[in-house]
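# Reading the structure
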Amino acid sequence: MEAILGDESKFKTLGPAAEFDNIAKIERRIQRRLFSLKKNGSITPEVYASIRPVGAQRPRMYGLPKTRKTNVPVRPILSMIGSAQHKLAKWLIGILEPVRSMYDSHCVADSFTFAHEMKTTDLPNSNMFLGSYDIVSLFTNVPLKETIDICADALYGGGDLAPPSFSRKVFVELLNTATCSVEFSFNDTIYMQTNGVAMGSPPGPILANIFVGFHENRLFAADETKPPFMYRRYVDDTFVICQNQTEFDDFFDNLNSLHSSLKFTFEKERANSLPFLDVLVEKRGISFVTSIYRKPTFTGHYIRWNSFSPNRRKLNLIGTLVHRALMICSEEKLNAELEYIRKILMDNGYPEHIIKSSVDRKLRNFNPNKSQNTNTRSEENVYIHLPWVGPISSRFEKQLISAVNRCYDNVKTNVVFTTKQLLPATRKDVLPASQQSNIVYDFKCHCDCRYVGRTTQRLQERIKQHVPSVIRSRTLDSREDAAVTDLRLLERNQAMAMNSAIGKHLAENATCAKNYCDERFSILGRGRTNFHLSALESTYIKIHRPRLCQQKEFLVNLKIGH
């Protein structure tokens, strides 16, 4: 990871996270700019409320090993969730979607769509050549300024696409804010990405597709270009069918001359077959046969039948594997794939009769054109996450669904059981407690009085709102001196304290104020939404009964459906 981040053409090292974490400044800068855009009518108040960052946390980089490749290189992933740019970036995806559609004529949606197309394609002759191209490090090589200009030209160039309600200048500014010069941490060091799109940034995939699609269209529109018989791309992987190997090599040269940021590698067919995504394509005369492709590093390890998890999850695994086989495999390959699934599940401890009944049920009910929504009436799907602690969880699920159905006629309750991982899936920098947001926090005073509250801001910002700076930054003796020499300062801080139960308590109790420190605040829990935070706060108040929260009532607004 440090070798990747040492590339000075893509990243800039700022310094230790303890000194160079500028997330609060970045958040305030974005807040001010969005407010001014709302004020002058460029964005609506509703949009402003939905994209304004509050309690932002710094993005963090981590690496995922590519175990299938030689020397196990690392793919850098930037976790942008909760960052100052995240809400803005997600909102911009909707604006960029028409541009992506404009340049996706050569793209394939997924492996199911690709397999269906290959099964229904006939070649003009049996000597056609199969090959694939792969773009080297696409995301980090996408030139952001150029790609943003491509998007702006498509939206504001007078073409078929309707431009957003704000000017081109504002669009470019917002997209730059969401994607350019993103500061993040890795191994407690702050870096800035100076070029390329970050893997993990919400607009990353769509910007990469637009950049490649724009240059693809330019290549296919050139008079001197002879296009392949078939050209299908999924992000950075491309499948092609050419008249012969010479045409394949010539087109490879054309692709590598498209742009200095686009470098391609290739793979050629072997024994008339070639993998693409998770589909193995085999040429049989003028037609194709498709089957499941598994990488050489595939171990065959799935969740074991005797593992501590719901049986529903294990049965769904069988259904998923069979569904994939039905969607991808040609008819002559299906039975062999089903037999392979049966063998691999038995190796994972699944009883043979369970496998057979699940497979038979899936085969009976399979319909590739069947709508995913099987509801015959208008119902609101509600998902509730519960911890899996054994059979008692299943009994509680039935009671919960029954209770919801008695109260809400138009609700379909879906219970999702969760289990705790023994080891973390990723290794990210751990944020200090003071930098965390969307939390329920606890204050325990020197006199054992407690306060429980919730906040969407960073904890350190909330502490400042609770405790006057005169208490946080000075000793009791110096505060007494200041009270004599600066009465206005004392009055201002006393006014602040009156707005907070904690501040008022500290201002009225000298011993508590003298023994105050920020470490008396701790985090009790984290919430995903405002409603989740409210429920957690109410629960913790009910459990701890903090004396300083006497003014709060235990109220939970249960909102299921509309």
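Thresholds applied
Residues numbered from 1 in each chain as written. Predicted model: local features only at pLDDT ≥ 70, side-chain atom pairs only at ≥ 80, totals over all residues. Heavy atoms only, no water. pLDDT = per-residue confidence, 0-100. Contact = heavy atoms within 4.5 Å. Disulfide = S-S within 2.5 Å. Patch = residues over 30% accessible without salt bridge, like charges linked within 9 Å, V, L, I, M, F, W, Y side chains within 5 Å. Areas by Shrake-Rupley, 256 points an atom, 1.4 Å probe, with all protein chains shown as cover. Salt bridge = Lys/Arg side-chain N within 4 Å of Asp/Glu carboxyl O. Lys, Arg positive; Asp, Glu negative; His and termini not counted. Charge placed at Lys NZ, Arg CZ, Asp CG, Glu CD. Helix = DSSP H or I, 4+ residues; strand = E, 2+ residues; numbered from the N terminus. Phe/Tyr/Trp six-rings, centres within 6.5 Å; stacked < 30°, edge-to-face > 60°. Buried < 20%, exposed > 50% of the residue type's maximum accessible area, 1.4 Å probe, protein only. Lys NZ or Arg CZ within 6 Å of the ring centre and 35° of its normal. Pairing = 2+ DSSP bridges. Axes fitted to C-alpha atoms, helices over the stretch in contact; angles between N-to-C directions. Parallel < 35°, antiparallel > 145°, perpendicular 65-115°, else oblique. Nonpolar A, V, L, I, M, F, W, Y, C, P; charged D, E, K, R; others polar. Polar contact = N/O pair within 3.5 Å; in protein donor to acceptor, adjacent residues only side chain to side chain. 1 Å grid on protein atoms, 1.4 Å probe; cavity = no way out; pocket = protein on both sides within 12 Å on 5 of 7 lines; lining within 4 Å. Points joined across faces, edges and corners; volume = space filled by probe spheres on them.

### A short note on the confidence of the model for the protein chain
Residues at a pLDDT of 70 or more form 91% of the protein chain, whose mean pLDDT is 88. A low-confidence stretch, residues 475-487 (pLDDT under 50), is modelled with 10 contacts involving residues beyond four sequence positions or located in other chains. Residue range residues 553-562 is modelled with pLDDT below 50. Its contacts to residues more than four positions away, or to other chains, number 16 contacts.

### Details of the state of the cysteines
Enumeration over the complete set of coordinates arrives at zero disulfides. Free of any disulfide, Cys107 has its nearest neighbouring cysteine sulfur in Cys151, separated by 14 Å.

### A few points about a positive patch on the surface
A contiguous patch of positive charge on the surface is contributed by Lys25, Arg28, Arg29, Arg32 and Lys464. Top contributing element to the positive patch by residue count: helix 3 (residues 23-39), with four residues. Considering the arrangement of structural elements, one finds Lys25 in helix 3.

### Re the packing of aromatic side chains
Enumeration over the complete set of coordinates arrives at 26 aromatic pairs. Measuring from ring centre to ring centre gives 5.8 Å for Tyr231 and Phe251, while their planes differ by 70°; the resulting arrangement is edge-to-face. With Tyr231 in strand 7 (residues 230-234) and Phe251 in helix 11 (residues 245-256), the pair connects residues that are 20 residues apart, well separated along the chain. Each member of the pair, Tyr231 as well as Phe251, is classed as buried. A network of ring pairs unites the aromatic residues Phe129, Tyr133, Phe220, Tyr231, Phe248, Phe251, Phe252 and Phe266 as a single cluster. Above the face of the Phe298 ring, Arg294 is positioned so that its terminal group lies 5.5 Å from the ring centre.

### Focus on the sheet that holds strand 16 (residues 450-455)
Spatially, the three strands line up as an open sheet ordered 16-15-17, and their pairing is antiparallel. Both outer strands of the open sheet, strand 16 and strand 17 (521-526), are each paired with one neighbouring strand and no more. Mean inter-strand twist for the sheet, computed between neighbouring axes without regard to direction, equals 25°. For strand 15 (residues 439-444) and strand 16, the ladder comprises six bridges, and the chain directions are antiparallel. Within the sheet, the bridge partner assigned to Ile439 lies in strand 16 and is Thr455.

### Notes on the environment of Ile77
Secondary-structure assignment places Ile77 in strand 3 (residues 74-79). With 13 residues separating them along the chain, Ile77 and Leu64 place their C-alpha atoms 7.2 Å apart. Leaving out residues up to four positions away in the same chain, Ile77 has contacts with Arg60, Met61, Tyr62, Leu64 and Met199.

### So, the packing of helix 5 (residues 86-102) against helix 8 (residues 144-156)
It is at 10 Å that the axes of helix 5 and helix 8 come closest, and there the two elements cross at 90°. Accordingly, the angle class assigned to the pair helix 5 and helix 8 is roughly perpendicular. Contacts from Ile95, Leu96, Val99 and Met102 in helix 5 reach Cys151, Ala154 and Leu155 in helix 8. A breakdown of the residues in the contact of helix 5 with helix 8 according to their chemical character gives seven nonpolar, no polar and no charged.

### Side note on the side chain of Lys314
Following the sequence through the fold, Lys314 ends up in helix 12 (residues 311-328). For the buried Lys314, which has no salt bridge, the nearest side chain bearing the opposite charge is Glu397, at an N-O separation of 14 Å. A polar contact is formed between the side chain of Lys314 and the backbone oxygen of Ser309, at a distance of 3.3 Å. When residues no more than four places from it in sequence are discounted, the contact partners of Lys314 are Arg304, Trp305, Ser307, Ser309 and Tyr350.

### Focus on the environment of Gly131
Here Gly131 lies in strand 4 (residues 129-135). C-alpha of Gly131 to C-alpha of Ala3: the two residues are 128 residues apart in sequence and 32 Å apart in space. Contacts of Gly131, omitting those with residues within four sequence positions, involve Thr238, Phe239, Val240, Phe248, Glu267, Lys268 and Leu274.

### A word on the layout of surface pockets
Put simply, the largest pocket is a space of about 1,400 Å³. Every residue lining the largest pocket is counted, 36 residues in all, and those nearest its centre are Arg68, Lys69, Arg75, Asp134 and Asp236. Secondary structure elements with two or more residues in the lining of the largest pocket: strand 3, strand 4, helix 7 (138-141), strand 8 (237-242), strand 9 (264-268) and strand 10 (273-276). Among the elements that line the lining of the largest pocket, the one with the most residues is strand 4, at four residues. Taken together, the residues of the lining of the largest pocket break down into 19 nonpolar, five polar and 12 charged. Taken as a whole, the second largest pocket holds about 870 Å³ of empty space.

### Describing unusual backbone geometry
Leaving glycine aside, a negative phi is the common case for residues, and trans is the common case for peptide bonds. With a phi angle near 45°, Ser137 is a residue other than glycine that sits in the positive phi range. Here Ser137 is to be found in the loop between strand 4 and helix 7. A relative accessible area of 45% places Ser137 in the partly exposed class. In this model, Asp188 sits at a positive phi of 60°, which is unusual for a non-glycine residue. In this structure Asp188 comes out as partly exposed when scored by relative accessible area, which is 45%.

### Quick look at the pattern of salt bridges
All told, the structure shown has 23 salt bridges when counted by the stated rule. Here Arg233 makes a salt bridge to Glu216, at a shortest N to O gap of 2.6 Å. Note that Arg233 is positioned in strand 7 and Glu216 in helix 10 (residues 204-221), a separation of 17 residues in sequence. Judged by its relative accessible area of 0%, Arg233 falls in the buried class. We note a salt bridge from Lys356 to Asp360, for which the minimum N-O separation is 3.0 Å.

### Quick notes on the sheet that holds strand 10
Taken in spatial order, the three strands line up as 10-11-12 in an open sheet, and their pairing is antiparallel. This sheet does not close on itself; its edge strands, each paired only once, are strand 10 and strand 12 (287-292). Taking each pair of neighbouring strands and ignoring which way they run, the sheet shows an average axis angle of 25°. Note that strand 11 (residues 279-284) and strand 12 share six bridges and pair antiparallel. For Glu282, the partnering residue across the bridge sits in strand 12 and is Val289. Taken strand by strand, helix 13 (residues 331-347) contacts strand 11 and strand 12, and its axis lies near 15° from that of strand 12.

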